[in-house]
Amino acid sequence: GHLAATWTGRCDKVVFTTPKSDNKEDDHFFDQILADDRYHVVVVNGSSSRKDLWLRLKDGFIKSWDLLKDTFDFVIKCDDDTYVIVENLKERLKSLDPSEKSILGHVLYDQDTKFMSGGSGMVMSRAGFQAIVEEGFLGKDKPCDLPIKNYKQLKMQIDDDLQVGACATLLDFKFYTSENNGQITFFPFKLESHLISGMVVSWWRDNRIECRNLEVSECPSSYPIAFHYVTPVEMYRLEYLLYTAKLHISPE
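## Things to note about the environment of Lys-77
Step number 1: Locating Lys-77 in the fold gives a position in strand β3 (residues 74-77).
Step number 2: Residue classification places Lys-77 among the buried positions, given a relative accessible area of 18%.
Step number 3: Measuring from C-alpha to C-alpha, the distance between Lys-77 and Met-122 comes to 5.3 Å, with 45 residues separating the pair along the chain.
Step number 4: Lys-77 has contacts with Leu-57, Phe-61, Gly-118, Gly-121, Met-122, Met-124 and Asp-160, leaving out every residue within four places of it along the chain.
Step number 5: Polar contacts involving the side chain of Lys-77 include one to the side chain of Asp-160, which spans 3.2 Å.

This is the structure we're talking about:
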């Protein structure tokens with residue numbers, strides 16, 4: 001319930017996707033949030049295990065598009081340990097066109113594939129989300145079915161963010177980085193690893209696409225949008241620091 005109690009309350013619409021469960025606590029939680037018509041729950045195929053990541057994403061995208069259709073401009077797909085500053089995201093999206101096939105997030109490159117870090121969130125335009133569902137998953141050739149056809153990946157990958165990147169490339173998406181004045185706004189790893197040089201994730205430091213011209217500790221933007229690996233307790237902490245805590249500014 002921490003997502004419903006924190007940042008998702010500032011979204012216009014929210015869709016929770018979940019595998020089928022016999023847990024009565026889950027049923028009680030969903031009954032509570034469904035009292036708010038901004039919230040929707042979609043039961044997806046597959047188990048909760050990592051091996052079914054792509055199956056869950058694909059089914060979740062298809063069912064979410066069927067549910068929402070043309071009632072949104074942009075959608076962010078993220079994990080349950082992601083925290084989003086919705087106001088900053090909406091400001092960033094003002095310059096983008098929902099009718100252009102596009103994807104926004106923290107750009108990474110691995111295994112000959114450009115993709116957005118799934119943990120800090122992948123933002124797709126309405127046209128992009130529609131294209132992935134109607135062309136990539138349900139179209140005549142189903143180009144985004146696994147293994148992705150005519151793509152240079154040599155082996156099957158279960159990482160859903162990497163597969164979305166490959167699919168977006170095949171469908172001629174415009175890729176937008178998270179950068180704001182050369183600094184990152186989507187944080188794919190724990191926040192401290194982006195703030196403290198000694199805690200940086202070495203793979204990201206050596207292979208980063210974003211913020212290549214600055215020291216790691218200089219990369220975080222003053223206008224952050226999304227954080228990954230955020231615990232439920234940390235979400236409430238962020239809510240307090242961002243929306244309740246005030247600064248006493250002494251006059252000069």
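Having seen it, we continue.
## Things to note about the nonpolar core
Step number 1: In this structure, Trp-7, Tyr-83 and Trp-204 are the most contacted members of the largest nonpolar core, which totals 36 residues.
Step number 2: Of all the elements in the fold, those that place two or more residues in this core are β1 (14-19), β4 (83-84), α4 (86-93), β10 (186-187), β11 (226-227) and α9 (232-243).
Step number 3: Ranked by the residues each element gives to this core, the list is headed by α4, at three residues.
Step number 4: Among residues more than four places away in sequence, those in contact with Trp-204 are His-106, Leu-108, Ile-184, Phe-189, His-194, Glu-210, Val-216 and Cys-219.

## Description of α9
Step number 1: In this model, α9 (12 residues) spans 17 Å end to end at C-alpha, consistent with the 16 Å of a helix rising 1.5 Å per residue.
Step number 2: Those residues of α9 lying buried are Met-235, Leu-238 and Glu-239. Taken down its axis, α9 places every buried residue within 105° of arc, on the same side. Facing away from the buried side of α9, by more than 90 degrees, are the exposed residues Val-233 and Leu-241.

## Topic: the sheet that holds β4
Hydrogen bonds between backbone atoms are what pair the strands of a sheet, whose relative direction is either parallel or antiparallel.
Step number 1: Taken in spatial order, the three strands make up an open sheet running β4-β11-β10, and their pairing is mixed. Each of the sheet's edge strands pairs with one partner strand only, and the pair in question is β4 and β10.
Step number 2: Judged from the two bridges that link them, β10 and β11 form a sheet pairing that is parallel. Its bridge partner being in β11, Phe-186 is matched across the sheet by Ala-226.

## Quick word on the state of the cysteines
Step number 1: One pass over the structure, following the stated rule, counts two disulfides.
Step number 2: Linked covalently through their sulfurs, Cys-211 and Cys-219 form a disulfide whose S-S length is 2.0 Å. As the torsion about the S-S bond is roughly -100°, the Cys-211-Cys-219 disulfide counts as left-handed.
Step number 3: Taking relative accessible area as the criterion, Cys-211 reaches 1% and is therefore assigned buried.
Step number 4: In the protein, the bonded cysteines, numbered by position in the sequence, are linked as 1-2, 3-4.
Step number 5: No disulfide involves Cys-11; its sulfur sits 7.9 Å from that of Cys-78, the nearest cysteine.

Rules of the game
- All residue numbers refer to position in the chain's written sequence, counted from 1.
- Owing to the predicted nature of the model, reporting of local features is limited to residues with pLDDT of at least 70; listing and counting of side-chain atom pairs is limited to 80 or more, with chain, interface and lining totals taken over all residues.
- Note that water and hydrogens are dropped before the side-chain values are worked out from all heavy atoms of the structure.
- Numbering of helices and strands starts at the N terminus; helices are DSSP runs of H or I of at least 4 residues and strands are runs of E of at least 2.
- Three labels apply to residues, based on accessible area from a 1.4 Å probe with only protein chains included: buried if under 20% of the type maximum, exposed if over 50%, partly exposed otherwise in between.
- By the convention used here, residues are in contact when the closest approach between their heavy atoms is within 4.5 Å.
- Under this definition, polar contacts are N or O atom pairs within 3.5 Å; protein pairs additionally need one hydrogen-donor-capable and one acceptor-capable atom, and for neighbouring residues in sequence, both atoms have to be side-chain atoms.
- Among buried residues, those of type Ala, Val, Leu, Ile, Met, Phe, Trp, Tyr and Cys that are joined through side-chain atoms within 4.5 Å constitute a nonpolar core.
- Here the expected length of a helix is defined as 1.5 Å per residue gap, with one fewer gap than residues.
- To obtain the arc, one takes the directions from the helix axis to the C-beta atoms.
- Between any two strands, at least two bridges found by DSSP are needed for them to pair.
- Here, two cysteine sulfur atoms that lie within 2.5 Å of each other are counted as a disulfide.

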